[in-house]
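A structural walkthrough
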Amino acid sequence: DEAGATTGATAEPEMPEGLEPMVRPSTPVGSISTDARVGLWWYIHDSKILLFQLPGPHWPPCGALQLPEFSTLSANCVAPLTTVVQQGSNTLRHPTVAAVYDDFQLSVFPHGRRVDLKPLGANWPSGEVPILVRTAAPHPSAVGVVLLVVTQSGRLLSIFLSQTSGSFEAEASRLWPMVSEHCLKNFFKRIRRYGFGDVSQDRQSLEDAQFLAHHIEILPAPRRGTLFEVLAWGEEHLALYSHPRSVASADLMWVCSLAQLVTGDVMPGRLLSACCCWDCEASRTESLLLLFSCEDPSTRRQSAMLTRLALPSRAASPLEPSTAVAVGPNPVLPRGLMTACGDTAVTAVQVDNERFCICMVNMPPRPAGLEAGVQQIVEFGIVGLSLLPEGVSVGHIQVLTPHGLLSCPQDMFGGDKELKQGKNPSTADAFVQVASEFFDAGQEDQASSLCGRAFSQLGAQAMLGAVERRTQHLLDSGGESSLSEKAKALEDWLRFLHKAGVWIRMGNAPNITAAQQKVVEACERVAALQQMREYHDLEPDVFASSIHHALDGQGSGKSDEEIQEFYSRPSECERLLPSLAQYPRTLPFGSGGAWDAVVFVHGVVCGFLDAALERRGHVLKTHPTSLPPPESHQLQRYWPKSVEPVTGVGSGWLMSSSIQRALEDIRTLSLDVLPVPKQRLPLLDAQALRVIEGLQQLCRSSLRAAHASFVDLHANPMAKFREAVLKDMAYAEASLHENAKILKHRTLALSEEFEDVEVFVRLSALIDLPRLDSMMLRSEAFRRRVFEQCLAEEQLHPLFFRMVRCFPPTKSLLEELLQPYPELRWTLELNALTEVFNTGQWPAALHTVKEIAIKAMERADTTKDQNRAKSLKALAAIATAAQDRVPRCPS
């Protein structure tokens, strides 16, 4: 294994860096799974298993486990062996996890480390592919656990995993039987009784009894001689296995078809899920819940039905089914999700490609029947369910989706609580307003429940529009409210959207990304305008004039009403930037007042941009899933000291055309006020240094805003903006006196931080060559980029020959790089010759030069470059003549 993990060898995990969102919207359902028994859920991303608490925060994960290279692993084949243990107030211990790959290789992660195992024994299945792995019980005779595996063909087997002195061993049982042992005994008994007569009917019934499992539930052992028991089911049959306290395969206790279990007027179709629960915990009697598809007798429509059967003894099949109740429409796939706790059960069936139907069912003591609650349609995929009890009939359902973990408080008998309080919303806007009012009043459960009802009744698209309108209302309405009140209202609004599960309920609704970005943008705009307001208090006259220009000359801009009106509309806050750029132009250039004004404008604009970016960072820290994550190709870096990658892709309002024009205008203004370099006056140099230091801060804030907007440092929009910014910065720095230049290489530092490779190579080659060498040593990708740039720019050709000597590339890479430059190729070939005559070097070099010249001459002929073709033809002739007259070494 190239990851450095062999039998008994370990590899340290790589924890994720930054606060990237927990689940990408494009993540397939097969990469997410959960185990409610140990309180964990996880997903597989970029060859890592990221583990989270259930319930718990969405980020950061409580474990990040590195998988072997080139391994294929399904999320359902990950089995937590221990839960997360709290250590103090903030520290979480890594859980121990086992993973079974598609080739039945096994890895164990004891508290984060990885140990790859080689299977022992001859029972490891050949040709089988695991589709589900669960932890079944502790090892009966050693320190370890027993894993239960379901294969793609429907077979079951157990793996005994043990630990001895830091090393692990795994031993597998034989494949479990598909036919109950008493069926075989009765079959052969009938053969002995009736001789060798016709037993085809018995043989047919025996073949029908063969059981293939699709899913399982682990049950605790009811007696000492049993290690654990397993309830397993397929589309048509249900079975119960009992596993002995040894490596032997389990015993099949009984197999029943769905038609045998569900009788009466109901004609069952497919078995979707099964669950074993306590009918009466005091008397320790069990019941069996069956979720299946069939025709609802009351509506005559195909539906998902739930029934409860008595299970007096696990040694015999269940008895006495109760009346089935409808819990959803007919599912599109032959599987469903179900969980039960106390007297409450929750079911989920898939309605179509995206939508699921959730229903809560009350289970009073037998012989009373089941009572189904309201069926809620949700427009997001569901991967797992977990029910957390909070009273007799109220529970919190933890719904694991491909978009995150959703906590849904459900109240079967109090679902119209908001109606009793006189609030009966009917439109999406009314639902959103009432739910947010519940949330602000501390009634989070009611707010979440109301949101679930709204999505079920109106759909995700209508709710998305209501969220966008509410965001705009909070941003620009309420002239009497201060900016601090707007900031608090938007923070509460953001918390409501996350805590009430609004974003997760949206699923893959169109324009959800734009809506999320708009909410965060509203928070950024208020923060930026708050910073502007602080500068306004410092220079009220300057800002009054700028507000006058921002209002297109309407009004004086000095009355309190006009100022309040402007600051009450953060959606137009960027209109103030172009007006501020005009302020220094009202003062005579060359005066101290003009320089002070330029420096002041630098500080205001930097504060504006930095406040917005700081607010975005705070939002992503408190709500990591507020913004969509960047794509992996947008995070590529050449240097470790470059700007940190963004963790969420926000809107591009900080790089709108109006803001870019304002930033360009301010940079041009800064260059205009700089003194002429030839004047060499110390006072002017000191003033120029102040302007340039302010300009450097402005350029850095501008590049940070561009990076946050464009995300990819090497994308065309970012490269174009960065080129303009660094060009102005270099021009300004060049106007300084030589002594001031030595202090800092400002443009070079910015080019390194924001990875402008072209500028960095040109400047470092001129003023800091050791810096370039250190970067060449660190990054092979950057090394190739430097070679390509040096070849493309004629003035950097000498640097290319130096870099080839200091950092020699591979022969294949060198041939690829020099193919468009034959004149440099033969120069490099001759440059490599030693001064000592060697009969082997010269002929080979001259032959290479001749071949290069001939090939390049042919390419020049096809491109009609006659002059180049003639020159290369002459070079080939010279190389041929020289090759025939190579001087011989005197020795």
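For clarity, every value in this text was computed on a predicted model and none was experimentally measured. (Residues numbered from 1 in each chain as written. Predicted model: local features only at pLDDT ≥ 70, side-chain atom pairs only at ≥ 80, totals over all residues. Heavy atoms only, no water.)

1. Details of the overall build of the protein chain
What the protein chain contains, in helices and strands, is 27 helices and 31 strands. Relative to its 891 residues, the protein chain shows a buried fraction of 50%. For the protein chain, restricting intrachain contacts to residue pairs at least 6 apart in sequence, the fraction spanning at least 24 positions comes to 56%. Accessible surface, the protein chain: about 41,200 Å² in total, of which carbon and sulfur atoms supply 52%. (Helix = DSSP H or I, 4+ residues; strand = E, 2+ residues; numbered from the N terminus. Buried < 20%, exposed > 50% of the residue type's maximum accessible area, 1.4 Å probe, protein only. Contact = heavy atoms within 4.5 Å. Areas by Shrake-Rupley, 256 points an atom, 1.4 Å probe, with all protein chains shown as cover.)

2. Looking at the sheet that holds strand β25 (residues 336-341)
Remark on secondary structure: sheet strands pair via backbone hydrogen bonds, oriented parallel or antiparallel. A sheet is described by the order of its strands in space; here 4 strands give the open sequence β25-β26-β27-β28, paired in antiparallel fashion. Of all the strands in the sheet, just β25 and β28 (371-378) have a single pairing partner and so form its edges. Between one strand axis and the next, the sheet turns by 15° as a mean value, whatever way the strands run. Summarising the sheet, strand β27 (residues 356-362) and β28 pair through 6 bridges and their orientation is antiparallel. Opposite I358, over in β28, you have Q376 as the bridge partner. (Pairing = 2+ DSSP bridges. Axes fitted to C-alpha atoms, helices over the stretch in contact; angles between N-to-C directions.)

3. Looking at the sheet that holds strand β14 (residues 156-164)
With antiparallel pairing, 4 strands are arranged side by side in an open sheet as β12-β13-β14-β15. The open sheet has two edge strands, β12 (130-138) and β15 (167-172), and neither has a second partner. Averaged over all adjacent pairs, the angle separating strand axes in this sheet is 25°, with direction ignored. Note that strand β13 (residues 144-151) and β14 share 7 bridges and pair antiparallel. Of the residues in β14, the one forming a bridge with V149 is L157.

4. A few points about unusual backbone geometry
Despite not being glycine, R300 has its phi angle at roughly 60°, a positive value. For R300, the location among the structural elements is in the loop between β21 (285-296) and β22 (301-311). Given a relative accessible area of 59%, R300 falls into the exposed group. Positive phi values are uncommon outside glycine, yet V711 reaches one of about 70°. One can find V711 in the loop between α16 (682-710) and α17 (716-734).

5. A few points about the pairing of β13
Most of β13 is tucked away: 7 of the 8 residues are buried. Where β12 lies against β13, 7 bridges are found, and the strand directions are antiparallel. Residue pairing in the sheet places P130 in a bridge with T151 of β13.

6. Brief notes about helix α21 (residues 769-778)
Within the sequence span of α21, burial applies to L772, D773, M775 and M776. The buried residues of α21 occupy an angular sector of 165° when the element is viewed end-on, so they sit on one face. Residues of α21 that are exposed and angled more than 90 degrees away from the buried face: P770 and L777. Looking at the buried positions of α21, the neighbouring elements they touch are α19 (746-753), α20 (757-767), α22 (780-792) and α23 (797-806). (Arc of directions from axis to C-beta.)

7. Observations concerning the packing of helix α14 (residues 592-622) against helix α15 (residues 657-673)
One way to put it is that α14 packs onto α15 with a least axis distance of 10 Å and a crossing angle of 155°. One way to sum up the angle between α14 and α15 is to call them roughly antiparallel. Seen from above, α14 lies across α15 with left-handed handedness. Here W595, V598, V601, H602, V605 and L609 of α14 lie close against α15, whose contacting residues are L663, I666, L669, S670 and V673. Of the residues belonging to the contact of α14 with α15, the class tally is 9 nonpolar, 2 polar and no charged. (Parallel < 35°, antiparallel > 145°, perpendicular 65-115°, else oblique. Left-handed = near helix turned anticlockwise from the far one by under 90°. Nonpolar A, V, L, I, M, F, W, Y, C, P; charged D, E, K, R; others polar.)

8. Some words on the packing of helix α10 (residues 512-538) against α14
Interhelical geometry of α10 versus α14 gives an angle of 145° and a closest axis separation of 8 Å. Crossing angle aside, the handedness with which α10 passes α14 is right-handed. Contacts from V520, C523, E524, A527, A528, Q531, M532 and Y535 of α10 reach α14 at F600, G603, V604, G607, F608, A611, A612, R615, R616 and V619. Looking at side-chain class alone, the contact of α10 with α14 contains 12 nonpolar, 3 polar and 3 charged residues.

9. Looking at helix α6 (residues 444-458)
Working note: α-helix, 3.6 residues per turn, so residues spaced by three or four point in the same direction. End to end, α6 covers 21 Å across 15 residues, agreeing with the expected 21 Å (1.5 Å per residue, within 8%). Within α6, burial applies to A447, S448, L450, C451, G452, R453, A454 and F455. Just downstream of α6, G459 is the residue with a positive phi angle, here 95°. (Expected span 1.5 Å × (residues − 1).)

10. Re the pattern of salt bridges
Scanning the model with the defined rule gives 30 salt bridges in all. Between D492 and K488 there is a salt bridge, and its shortest N-O distance comes to 3.0 Å. In this pair, D492 and K488 are both assigned in helix α8 (residues 483-499), 4 residues apart and thus about one turn of the helix distant. Across the pair R525 and E521 runs a salt bridge whose closest N-O atoms are separated by 2.8 Å. Here R525 pairs with E521, and both are found in helix α10, just 4 residues apart, close to one helical turn. Given a relative accessible area of 6%, R525 falls into the buried group. Linked by salt bridges that have partners in common, K518, E521, R525 and E574 make up one network. (Salt bridge = Lys/Arg side-chain N within 4 Å of Asp/Glu carboxyl O.)

11. So, the nonpolar core
Side chains that are nonpolar tend, in soluble globular proteins, to be buried together. Grouped together as the largest cluster of nonpolar side chains are 61 residues, with contacts concentrated most on M532, F543, Y567, L576 and F608. Residue assignment for this core shows that the elements contributing at least two residues are α10, α11 (540-550), α12 (560-567), α13 (576-582), α14, α15, α16 and α17. For this core, the leading source of residues is α14, giving 11 residues. Discounting residues that sit within four places of it in the chain, Y567 has contacts with L483, L529, M532, R533, H536, F543, I547 and L576. (Core = buried A, V, L, I, M, F, W, Y, C linked by side-chain atoms within 4.5 Å.)

12. Regarding the packing of aromatic side chains
According to the stated counting rule, one finds 15 aromatic pairs in the structure shown. On the basis of an interplanar angle of 15° and a centroid distance of 4.5 Å, the ring pair of W41 and F52 is categorised as stacked. Linking W41 in strand β3 (residues 40-45) with F52 in strand β4 (residues 48-53), this pair joins segments that are 11 residues apart in sequence. Here the two residues W41 and F52 agree in accessibility, since each one is buried. (Phe/Tyr/Trp six-rings, centres within 6.5 Å; stacked < 30°, edge-to-face > 60°.)

13. Concerning the side chain of D296
Locating D296 in the fold gives a position in strand β21. Within the buried core, D296 has no salt-bridge partner, and the shortest N-O distance to an opposite charge, that of R300, equals 8.1 Å. Apart from the residues within four sequence positions on either side, D296 is in contact with R301, S303, M305 and A326. (Lys, Arg positive; Asp, Glu negative; His and termini not counted.)

14. Topic: the environment of W176
Its location among the elements puts W176 in the loop between β15 and α1 (181-194). When its relative accessible area of 1% is taken as the criterion, W176 is described as buried. Linking W176 and A250, residues 74 residues apart in sequence, is a C-alpha distance of 5.9 Å. Within the structure, the side chain of W176 is placed 3.5 Å from the side chain of S173, a separation counted as a polar contact. (Polar contact = N/O pair within 3.5 Å; in protein donor to acceptor, adjacent residues only side chain to side chain.)

15. Re the confidence of the model for the protein chain
Mean pLDDT over the protein chain: 79, with 76% of residues reaching 70 or higher. A low-confidence stretch, residues 390-394 stays under pLDDT 50, and its non-local contacts, those more than four residues away or across chains, total 12 contacts. Counting interchain partners and residues more than four positions distant, the pLDDT-below-50 stretch residues 833-839 has 10 contacts. (pLDDT = per-residue confidence, 0-100.)

16. Notes on the environment of T323
On the secondary structure map, T323 appears in the loop between β23 (319-321) and β24 (325-329). With 16 residues separating them along the chain, T323 and T307 place their C-alpha atoms 6.3 Å apart. Each residue touching T323, except ones within four places of it in the same chain, is listed here: L306 and T307.

17. So, the pairing of strand β16 (residues 215-219)
Taken across its 5 residues, β16 has 4 buried, putting it largely inside the fold. Relative to strand β17 (residues 226-233), β16 is paired through 5 bridges, and the arrangement is antiparallel. Along β17, the bridge assignment pairs L219 with E229. Connecting the antiparallel pair β16 and β17 is a turn made up of 6 residues.

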